[in-house]
Every structure is written in C-alpha cells, then in structure tokens.
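# Remarks on the overall topology
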Amino acid sequence: VWSAVPAGPPDPILGVTEAFRADTNPLKINLGVGAYRDGSGKPYILPSVAAAEAAFVGQADKEYLPITGLASFTSAAAKLAYGADSAPLKQGALAVTQSISGTGALRIGGAFLARFYPSSKTIYLPTPSWGNHTPIFRDSGLDVKQYRYFDKRTVGLDWAGMLDDIRAAPKGSIILLHACAHNPTGVDPTRAQWAELSHVLKEGNLFPFFDMAYQGFASGDIDADAFAPRHFVQQGHQIALCQSFAKNMGLYGERVGLFSLTTSSPEEKARVDSQLKILIRPLYSNPPVHGARIASAILNDPGLYKQWEGEVKGMADRIISMRTALYNLLTNTHHTPGDWSHIKSQIGMFSFTGLTQPQTEALAAKRSVYMTKDGRISMAGLNEGNIEYFAESVDGAVKG
Ligand code: LMR
C-alpha cells in the first residue's frame, strides 16, 4: 500500500538530536535543539516547577479539561503576556485557548486565520525564521512569504530591508514577528524600531502575529521581554499571540502553551471563542492537564511566582555568561579568524555563529559537535565542562 511513499528528510532541528544520540564519542556535544541545560549539561527541573508539581501529584484527578483548557492557567498566562493593565484583558475582549505548547498555538492561529481572517491568506515570515514556521503555516492553509530580517554582512538586523519588504506587502497581509529572542538569529529590533514597526504595520493595515516562545529568556525580565506585543496592543493593533512555557518553565515535554487574539468587544470575543472550540475539537479534542496545572500553580501563587522569576533570570544569566566565555576563548585564547562579538550581542537561547554548512558538517563528523546546519548553536548546551573543547573545535573548523 505504501510503496509510493517517498522517504522524507530528517527534521532540521530534532534530526540533530537523533544524530547526536547515535554518536558514541564521550566528548560529544549537542547544541542543536533549544533546550536549557544546567551548568553540568543536565536537563534542568526548575525548583518552582518541582514544588508546584509536588503539591498536587497523586491528588489531582485525570478528568478532561474543557476544549480551551484550564481556566486558571489561561487567564494567568494571558496576564503574564499582556500585563495586568492590558485594555483587552480588562474589557473581557481577549479570546484565549490553551495550546499544545508554542507549535500548537501557531497551528491554531494559522488555521483560525486561514478560516476567518477576511483580508488575506498570506503570512510573511522573517528570513531566516524558526524552521517549523513554514510547515506550520503551510499546513494551516496559509501562503508563506518572506521579509528580509538578518544581514549576513553585519551579523545584525537588516532594518532597511525589513521595512522595505513589510511596506511592500499587500494591504491586510499577516506579518509574523518574533516577540523577543529571535530564533535562530538572536537579533531583535530595539524598542524604537518596534515603535516604528507598529506605525508601518498600521499604515499597511497589516496584521501582527506574534510568536513569543522565549518570554524571560531574552533579558531575564518577564515584563521587559513582552514589550513588543504590549506596545502593539497599546497602539491599538489587534494582534494574535502564541506563548510557550517550554523554555521559561522548562516544561518542554508537558506541551504547555497559549494562543490568544485581541478582539474589539466581549461579544466579538464570545464568537471567536466559539470558533476556536470548533477548530480545536476535531484536532485534539482538549489539551493535556498536567503541565497546565504546574504553570497555573506558579503563575497564581505569589511566592512560587517570585521564585520562578529568579530561576528564569538564573537561566538567562548562565547563558549570558557562556556567551562571554565563548567570545573570550575564540578571540583571546585561540585567536580564531573573524569578529566574534555577535556571540556576546545576540539575545536569548541561540547564537547564530556564522559557521558555514560545510564547517558544521565537519564539526559533527570530526569532533562530534552537533548544531543545526545554518550554524545556529543553543548556548544553553555549553558549560564549563565542554566549552573549551567546543571553542577548540570551532577554531579548528574555521582555520581548516
Ligand atoms: C528550537 O528551535 O530548537 C526549539 O524551538 C525546539 C523545536 O521544537 O524546534
């Protein structure tokens, strides 16, 4: 029956983990997937998460959640993103649903817009963007186009190109924006640039669709990292927003996320809510409960919340210290050719190193150092035990 099914390529990100797992070299390093590791290279269970979980394990029932999820979680998560003073929240005009982490939020959003957004079926993504964005939106029924974002020459933002391409998008188009800690480049617009983008999107009647998978990971400050979507809402935009608690709570496998849409009234919100339910029910019926309970406990308990904020900052700070250490090793210890200052200036979980595909392939084959082929490394995969081996390997790959 399946003789005509062609073999597909491995996933550009999760396929790296498969290759890493198959490698028997004890010195191997996986900098592929964006998953936080502690100072000894181990997955990190946040103490706030462990405490929240311990309080209900074995006692909470396993009943179905409503289609749009656990209300105590969805309301607290929306407040975390939009801020307690946000107008659509206060007016009861925010449509929200729990989602299967950030990917699920993007997929619900893509499908909802494909079905109901009246002005366009085209979404513009930055070049480059997270590898899963294109398949998510295509499979949701949208056409995917690109706007310029990253300038290889400056290893920074192609601001002029970005503005030109967004201005040239047909009126009403959907524009995907990474709220903070752009994946894969680690290059974010400044606050002044966000303010200008807000004007440009308004002028073109363009629809801002935010992906916020890294709230807290950019600066270590939960509120500062939500600046962009909050600013757009304050400026009167209606937005879509996708949230993930994979990174900032370390709930990767629990699949905890949120999709929300600002609407113009409680009555409009009620209609949107009803259609979100109709969309989700045949997809996966209702979301998983365990991780949402953990996130809800943290977000709704002032003591746990404060503890969690400190832990997020701790993760962000460790990543920043690895940036400095790697920069110093390449620049001062090895005198590796090239300017490596972008490793320090880039934001969030990743560094877009500038290593070429042949270099990344050589690093995997000869040194068992794994990263995505575009030269992105997950900074969280580095620690005091492996950073010297990594820097030496990069130096070797660059010097050839
Ligand atoms: C990544 O970019 O590595 C993460 O967002 C994990 C994933 O699902 O790709």
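First, a word on scope: everything that follows refers to the structure included in this document. Since the model is a prediction, treat every value here as computed from it, not as a measurement. (Residues numbered from 1 in each chain as written. Predicted model: local features only at pLDDT ≥ 70, side-chain atom pairs only at ≥ 80, totals over all residues.)

### Observations regarding the overall build of the protein chain
A count of helical and extended segments in the protein chain gives 16 helices and 13 strands. Expressed along its principal axes, the backbone C-alpha trace of the protein chain runs to roughly 65 × 55 × 55 Å. A total of 400 residues make up the protein chain; the buried ones form 46% of that total. Contacts in the protein chain between residues at least 24 apart in sequence constitute 76% of all its contacts with a sequence separation of at least 6. (Helix = DSSP H or I, 4+ residues; strand = E, 2+ residues; numbered from the N terminus. Buried ≥ 20, exposed ≤ 12 C-beta atoms within 10 Å, placed from the backbone. Contact = placed C-beta atoms within 7 Å.)

### Quick notes on the sheet that holds strand β4 (residues 143-148)
Spatially, seven strands are ordered β2-β10-β9-β8-β7-β3-β4 in an open sheet, and the strand pairing comes out mixed. Across the chains shown, the open sheet's two edge strands, defined by having one partner strand only, are β2 (94-100) and β4. Neighbouring strand axes in the sheet, compared pairwise and without regard to direction, differ in orientation by 25° on average. Note that strand β9 (residues 240-244) and strand β10 (residues 256-262) share five bridges and pair antiparallel. By the bridge assignment for β10, Cys-242 is matched with Phe-259. (Pairing = 2+ DSSP bridges. Axes fitted to C-alpha atoms, helices over the stretch in contact; angles between N-to-C directions.)

### Some remarks on the pairing of β2
For β2, a buried count of seven out of seven residues is recorded, marking the element as mostly surrounded by other parts of the structure. A two-sided burial pattern is seen for β2, the buried positions comprising Leu-94, Val-96, Gln-98 and Ile-100 on one face and Ala-95, Thr-97 and Ser-99 on the other. As judged from the seven bridges shared by β2 and β10, these two strands associate in the antiparallel manner. Residue pairing for β10: Ala-95 is matched across the bridge by Leu-261.

### Regarding the site of the ligand
Surrounding the ligand, one finds Ile-13, Val-33, Gly-34, Trp-130, Asn-132 and Asn-183. Grouping the constituent residues of the shell around the ligand by class yields three nonpolar, three polar and no charged. (Near = placed C-beta within 6 Å. Nonpolar A, V, L, I, M, F, W, Y, C, P; charged D, E, K, R; others polar.)

### Description of the packing of helix α2 (residues 47-54) against helix α13 (residues 302-333)
Contact geometry of α2 with α13 gives a least axis separation of 8 Å together with a crossing angle of 150°. Put simply, α2 runs roughly antiparallel to α13. Residue-level inspection shows Pro-47, Ser-48, Ala-51 and Ala-52 of α2 in contact with α13, the latter providing Leu-304, Gln-307, Trp-308 and Glu-311. For the contact of α2 with α13, the residue count by class is five nonpolar, two polar and one charged. (Parallel < 35°, antiparallel > 145°, perpendicular 65-115°, else oblique.)

### Some thoughts on α13
Taking 1.5 Å of rise per residue, the 32 residues of α13 would be expected to cover 46 Å, and the 45 Å separating its terminal C-alpha atoms lies within 8% of that figure. Within α13, burial applies to Trp-308, Glu-311, Val-312, Met-315, Ala-316, Ile-319, Met-322, Arg-323, Leu-326, Leu-329 and Leu-330. The secondary structure elements touched by the buried residues of α13 are α2, α9 (222-225), α12 (290-300), α14 (341-345), β11 (350-352) and α16 (387-399). Trailing α13 by a residue or two, His-335 shows a phi angle of about 50°, which is positive. (Expected span 1.5 Å × (residues − 1).)

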